[in-house]
Amino acid sequence: MRDYIYNFWQGLYTILVGMKVTLRHVFIPAVTIQYPSVKPQMPERERNRLYVNMDDCIGCDQCARACPVNCIEIETVKSIPGEDLGTTSNGKKKALWVTTFNIDFAKCCYCQLCVFPCPTECIYMTDVYEFSEFQRESLLYDFVTLLPEERIQKKKNYEELQAKKEAEKIAAAKKAAEEKAAAQANKPAEPKPDNKEENKQ
Amino acid sequence: MALKTEEMVLNMGPQHPSTHGVLRLELQLDGEIIKDVVPHIGYLHRCFEKHCEAMTYPQVIPYTDRMDYLASMYNEFGYAVAMERLLKIEVPERVEYIRVIMGELQRIASHLVAIGTYGADIGAFTPFLFCFRDRERILHLFEITCGARLLYNYIWIGGLSHDLHPDFIRLTKEFIKDFRPNVIELNELLSYNRIFIERTANVGVLPLETAINYGVSGPNLRASGMKWDLRKDDPYSVYHKFDYDIPVGKGDKGKVGDCWDRYYVRVLEMEESLKIIEQAIEQIPEGDIASAIPKRIKPPEGQIYTRVENPRGELGYFIISDGSLNPARVKVRAPSFVTMQVFPELCKGFMVADVVAILGSVDIVLGEIDR
Amino acid sequence: MMYDWLYNLTGSELLAMFIVSLLPLFVFILPFALLAVLAERKVSAHMQDRLGPMRTGYHGILQTVADIIKLLQKEDLVPTATDKMLFNLAPLLTFVGSYAAFAVIPFSGFFIGTKIDLGIIFIVGITGLVVAGILMAGWASNNKYSLLGAMRSAAQIISYEIPTLLIILTIVMMTGTLSLYDLSEMQTAYFWNWLILGGPAIGIQKILLIPLMMMGCLIIYTSTLAEVNRTPFDIPEAESELVSGYHTEYSGMKFAMFFLAEYANMFAVSAIVAIMFFGGYQSPFGYLGNTLGWNWLVPIEQFSWFTAKGVFFVLVQMWLRWTLPRFRVDQLMAFCWKYLIPFSFVILLLVGLISLM
Amino acid sequence: MKTAEEIFNQLKEKFGSSIIELKLDKPVEPYLIVNPLEVDKICLFLKDENELLFDSIMNLSGVDDANGAKEKDDKGLETIKGGTLSVFYHIESTKLKHKLTLKVSTDREKPEVVTVTEVWKGADWHEREAYDMYGIIFLNHPDLRRILMPYDWEFGYPLRKDYKNPEFYQGMKVPY
């Protein structure tokens, strides 16, 4: 009988205590903010969308290697000796044309592993977090500053350079072969001295 | 003529409001009483272990966050401790202290989720919002330090990715000062409420022998009366420098090891974590946080099994390295996976409403079960 | 009263009765339901340190209008495997059950639906219809969860009728009248004449009655709370287990019917408690109208006092909802049969003895 | 508190041939290699012996040692023939606070290990996972079926090194 009354009283008492707590919270100001009109204030180390400052990027592919989900895709083309590609902010001379630099934000897991290995600190995380899209493809960001024709142009220049080098090499090889043949032709006449001079050339 | 009652099979989940994630429970019911529970898991299986075999050692850390997404700081902590023992790296004092502070803050945040959702399962919706309001302050502390709120990639092998934010210490002190009265208020509102006790006392009792035999660990084991905490029994990092005690279920509202004990052990544990954080903040030394991070990690051939006290129990990492840049095998012993094994044992003979109460009290996370 | 006045005005009996029966619905219930839905969300928000709806109108005033429009334009689908006739009848029954109770509730001295002598018994009988509606909804939607929910709510409402009836019995025994109008008239002139403070009894009887009456008010409040499926007793639509019980399959206007019925029932229940214990439409400190001599002001004052008390009790119901966890079905039954009913018997006995003194 | 050598010698006397060897050279922890068909008897002994009292299993994991011969068939599909699949048991004693690691290796074509669920109930789901991921058959296991993968997944065992994702699973395209 005793715990019967005790149960009833304890039930009543704890309910009243609980109600006192909720009543007190009616007079405590709310902690929520009205999102679209009041934007939350982002700390400066915030990790949201990546940004790549292309004129500092030297195309070293460190970030693409560090990324656990392989969402960074970089293609570079060597520059022709004559061209001037400008220098990065800390004075390093750039040697590669970066023709494709895509980051697929649908795959990116925002882990910031790509930011640390970058030698010129050109890839870093901004605090933009409202970038949702309707199609998944439009989350594929292309950061290259060259126009599409320029990219193809750069590739073509490089191919021509390669082709030219190829041609010179073949020509040089042919020339060397002819000289050797010529050397053999007049070798039976004077065996010793000529060989040394030829080698020297 | 005996009245023929055939058993009703009730499917709870995978889209059920109170299964804490994607889990399907097949209940064999006799009226309201439960005959047997068959859990079906695997809906959230993202083949974490297959991923690890394709990643280099530092790249695995963002994946460990996604396993127990409510306590990802502690997952990284476990992985880092395992790798440092394998590579035999000595980590500077300051890093150890920051890891302990971050780990204990994450324990409080994870317990707040467990307590909040448990209140909501039983029907009291207000404590859920109070818990999440306090948890928001911890997430803000994490956000100013490493930039992310839930999946941090903050604890690296051999060090940390960022140093503490300048006003981190001040904000943590403020948080501790504000949080203590909130816990008392939460107790008044939920823990001692007669209806809550009615719903949780003597429900889902886990005897100590079955707990040990099944390998249950963490708050669920401590609630069954065993003083077993890896921070003291299998020490790692600098936990031996702080004094704090381990709350154990005493069964003061019903049998030892019932739902109320599991719930109340978590409330007491939050208080202990506060004590650890306070002492850690006082004694934190100066120093560089990235000095011991090796440039390329190529561990010698071998294997190691290490375990840490995750908020949900014993989180074990079994790493086999074959001398190359990628791990040959990373097996994770997830505490919720083992707790889920013992769950059918707890539910036999109780009612449908109790399944929800018991599931809430064992506090499982499906990301960890399915990996 | 209102009916006679209208009869003289319009001359035709039918028209007067028609107006009197429609008046509570359009003048009071619909605006009250609109307000109650919004109040529930704002009260629960502020209790949980948040702001509630703020976007529709100033501080979310038009939120319920938005809800109603949403429910109106929602597709009112009827699942194929259901029992069509019962499925459509259920929401009507629940709404009619809860709305019909307003016919006998005296809003003020001047306005009362019908002044029948069996006021309370009529109300308790009519709210029985709601149980039939819920059972129909649970059975017709042909889904395991709804069936479980309907079974539970039927058992709950029936078992909580008994303590309500017992307390009503004590009141009737004390005051000797069943009609709500006479009950309100009896508790006139200042609040110490209210039934919760012993009512019309005098001297030692009044002192002895006070604690019993307070306990009785507490019991009837909790048991009527269970009849309306609110707060600690809202198992039928317990989200965590039965995924909102019997009205899972309903959508669109039918769901709005259930919703409206719940809020109308909430006010009906708090009106009963106000009438029986807190002096219906009587004002605690006498009427301004009398002192100033404007007799037409008195009914308006009475109406405002009545709604104030009703709304206060509805707010307390909401306050309880956002504080307490939910009972389990067997605990709910145990609470009713082991605690409420014995207590109400004891009160019945003691009040009987005291009123004999 | 017993070290791995003492336990090894004690087991060696008791079981003789089925305890194969104690590996000490590999870094970090030593482990005991045991005969796969005797595992349950050994574990029962480890659990009940009053100086050992290994009363809880921490972790049971399947491993693909990938030490078989690598063959490339015509379509460039690389399959490993021969070699072994092994199972690691990490067990501990909560009372005497010591830990032990057991290793069991079975042939890759017909991987069979006796189950230890009778000894420790905790091993049940771990074994099902090892079966699901590696195809290791655990003899007289209470209900050996897939646990994480869909129950009717018949494209092989995912965690094996030579596993290839199927093109379609019940009409759904698998690779993203």
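In case you missed it, the structure is sitting above this.
Residues numbered from 1 in each chain as written. Chains lettered and ligands numbered in written order. Predicted model: local features only at pLDDT ≥ 70, side-chain atom pairs only at ≥ 80, totals over all residues. Heavy atoms only, no water.

### Digging into the overall build of chain B
Phase 1: Along chain B, the regular secondary structure elements total 14 helices and eight strands.
Phase 2: Its C-alpha radius of gyration of 21 Å places chain B within 12% of the 21 Å reference for a compact globule of 371 residues.
Phase 3: Buried positions account for 70% of the 371 residues belonging to chain B.
Phase 4: For chain B, the proportion of contacts with a sequence separation of at least 24, taken over those separated by at least 6, is 72%.
Phase 5: Total accessible area computed for chain B in this model is approximately 11,100 Å², and 58% of it derives from carbon and sulfur atoms.
Phase 6: Taken as two groups, the 42 positive and 52 negative side-chain charges of chain B have centres that lie 2 Å from each other. (Helix = DSSP H or I, 4+ residues; strand = E, 2+ residues; numbered from the N terminus. Rg over C-alpha atoms; globule rule 2.2 N^0.38 Å. Buried < 20%, exposed > 50% of the residue type's maximum accessible area, 1.4 Å probe, protein only. Contact = heavy atoms within 4.5 Å. Areas by Shrake-Rupley, 256 points an atom, 1.4 Å probe, with all protein chains shown as cover. Lys, Arg positive; Asp, Glu negative; His and termini not counted. Charge placed at Lys NZ, Arg CZ, Asp CG, Glu CD.)

### Details of the overall build of chain A
Phase 1: Scanning chain A from terminus to terminus reveals four helices and five strands.
Phase 2: Against the globule reference of 17 Å for 201 residues, chain A gives a C-alpha radius of gyration of 35 Å, more extended than a compact globule.
Phase 3: With the C-alpha coordinates aligned to their principal axes, the bounding extent of chain A is approximately 135 × 45 × 35 Å.
Phase 4: Residues counted as buried form 34% of the 201 residues belonging to chain A.
Phase 5: Counting contacts in chain A only where the partners sit at least 6 residues apart, residues at least 24 apart contribute 74% of the total.
Phase 6: Accessible surface, chain A: about 13,000 Å² in total, of which carbon and sulfur atoms supply 60%.
Phase 7: Of note, chain A has its 28 positive side-chain charges centred 5 Å away from the centre of its 29 negative side-chain charges.

### Here we look at the pairing of strand S3 (residues 96-104) of chain A
Residue and element names in this part refer to chain A.
Phase 1: In terms of residue burial, S3 counts as a mostly covered element, since eight of its nine residues are buried.
Phase 2: With seven bridges joining them, strand S2 (residues 72-78) and S3 adopt antiparallel strand pairing. When the sheet's bridge partners are listed, lysine 78 is paired in S3 with leucine 96.
Phase 3: Sheet analysis places S3 next to strand S5 (residues 140-142), joined by three bridges and oriented antiparallel. (Pairing = 2+ DSSP bridges.)

### Notes on the sheet that holds strand S2 (residues 24-30) of chain B
Residue and element names in this part refer to chain B.
Phase 1: Ordered by their spatial adjacency, three strands build an open sheet running S1-S2-S3, and the pairing between neighbours is antiparallel. Edge strands, defined here as strands with exactly one partner in the open sheet, are strand S1 (8-12) and strand S3 (33-40). Looking at each pair of strands side by side, their axes are set apart by 20 degrees on average, direction ignored.
Phase 2: Judged from the seven bridges that link them, S2 and S3 form a sheet pairing that is antiparallel. Bridge pairing in S3 links leucine 29 to isoleucine 34. (Axes fitted to C-alpha atoms, helices over the stretch in contact; angles between N-to-C directions.)

### Comments concerning the environment of C:Ala100
Phase 1: One can find C:Ala100 in helix H4 (residues 84-100).
Phase 2: For the pair C:Ala100 and C:Ile126, spaced 26 residues apart in sequence, the C-alpha separation works out to 6.8 Å.

### Thoughts on the interface of chain C and chain B
Phase 1: Between chain C and chain B, the contact holds 22 residues from the first and 30 residues from the second.
Phase 2: Surface buried jointly by chain C and chain B totals about 2,400 Å² across both partners, of which 61% is contributed by carbon and sulfur atoms.
Phase 3: Where chain C meets chain B, there are two salt bridges.
Phase 4: Across the salt bridge formed by B:Asp354 and C:Arg328, the nearest N and O atoms sit 2.8 Å from each other.
Phase 5: Taken together, the connections running from chain C to chain B amount to six residue pairs in polar contact (both at pLDDT 80 or more).
Phase 6: Elements supplying a minimum of two residues to the side of chain C that touches chain B: helix H6 (144-175), helix H9 (239-242) and helix H13 (329-356) of chain C.
Phase 7: In terms of residue count, the dominant contributor to the side of chain C that touches chain B is H6(C) (four residues).
Phase 8: Here the residues of the side of chain C that touches chain B are counted per class, giving nine nonpolar, four polar and nine charged. (Buried area = accessible area lost by both parts, 1.4 Å probe. Salt bridge = Lys/Arg side-chain N within 4 Å of Asp/Glu carboxyl O. Polar contact = N/O pair within 3.5 Å; in protein donor to acceptor, adjacent residues only side chain to side chain. Nonpolar A, V, L, I, M, F, W, Y, C, P; charged D, E, K, R; others polar.)

### Details of the pattern of salt bridges
Close approach of charged atoms allows side chains of opposite charge to pair.
Phase 1: If you walk through the whole model with that rule in mind, you get 55 salt bridges over all chains.
Phase 2: A:Lys20 is the partner of B:Glu188 in a salt bridge, and the nearest nitrogen-oxygen pair spans 3.8 Å. A residue pair is termed interchain when its members come from two chains, as with B:Glu188 in helix H6 (residues 168-191) and A:Lys20 in helix H1 (residues 2-26).
Phase 3: A salt bridge links B:Asp178 to B:Arg137; its shortest N-O distance comes to 2.6 Å. Of this pair, B:Asp178 sits in helix H6 while B:Arg137 sits in helix H5 (residues 126-146), and the two are 41 residues apart along the sequence.
Phase 4: We classify B:Asp178 as partly exposed; its relative accessible area is 30%.
Phase 5: Residue B:Arg137 is classed as partly exposed on the basis of its relative accessible area, which comes to 32%.

### Considering the arrangement of the chains
Phase 1: Among the five pairs of chains in contact, the pair with the most contacts is chains B and D.
Phase 2: The smallest C-alpha distance separating chain C from chain D is 26 Å, and no contact links them.

### A word on the interface of chain B and chain D
Interface size is commonly expressed as the accessible area that is lost once the parts come together.
Phase 1: With 41 residues of chain B in contact, the opposing surface of chain D contributes 42 residues.
Phase 2: Carbon and sulfur atoms make up 56% of the surface buried where chain B meets chain D, a total of about 3,400 Å² over both sides.
Phase 3: Our enumeration of links across chain B and chain D arrives at five salt bridges.
Phase 4: Of the charged contacts in the structure, one is a salt bridge between D:Glu92 and B:Arg307, with a shortest N-O distance of 3.1 Å.
Phase 5: Counting across the chain B and chain D interface gives 15 residue pairs in polar contact (both at pLDDT 80 or more).
Phase 6: Along the lines of polarity and charge, the residues of the side of chain B that touches chain D split into 18 nonpolar, eight polar and 15 charged.

### Concerning the packing of aromatic side chains
Phase 1: Tallied over the entire structure, the rule returns 60 aromatic pairs over all chains.
Phase 2: Seen from their ring centres, A:Phe101 and A:Phe143 are 6.1 Å apart, and the 85 degrees between their planes marks the pair as edge-to-face. Separated by 42 residues along the polypeptide, A:Phe101 in strand S3 and A:Phe143 in the loop between S5 and helix H3 (148-186) bring together distant segments of the chain. We note that A:Phe101, like A:Phe143, is buried.
Phase 3: On the numbers, 6.0 Å between centres and 5 degrees between planes, the contact of C:Phe28 with C:Phe32 is stacked. (Phe/Tyr/Trp six-rings, centres within 6.5 Å; stacked < 30°, edge-to-face > 60°.)

### Digging into the nonpolar core
Phase 1: Residues B:Leu25, B:Tyr154, B:Tyr263, B:Ile319, B:Phe343, D:Leu46 and D:Tyr89 are the most contacted members of the largest nonpolar core, which totals 172 residues.
Phase 2: Considering each element in turn, this core owes the most residues, 13 residues, to helix H4 (residues 93-122) of chain B.
Phase 3: Each residue touching B:Tyr263, except ones within four places of it in the same chain, is listed here: B:Ile115, B:Tyr118, B:Leu186, B:Leu190, B:Ser191 and B:Phe196.
Phase 4: Within the second largest apolar cluster, 95 residues are counted, among which are C:Ala16, C:Tyr99, C:Phe107 and C:Trp322. (Core = buried A, V, L, I, M, F, W, Y, C linked by side-chain atoms within 4.5 Å.)

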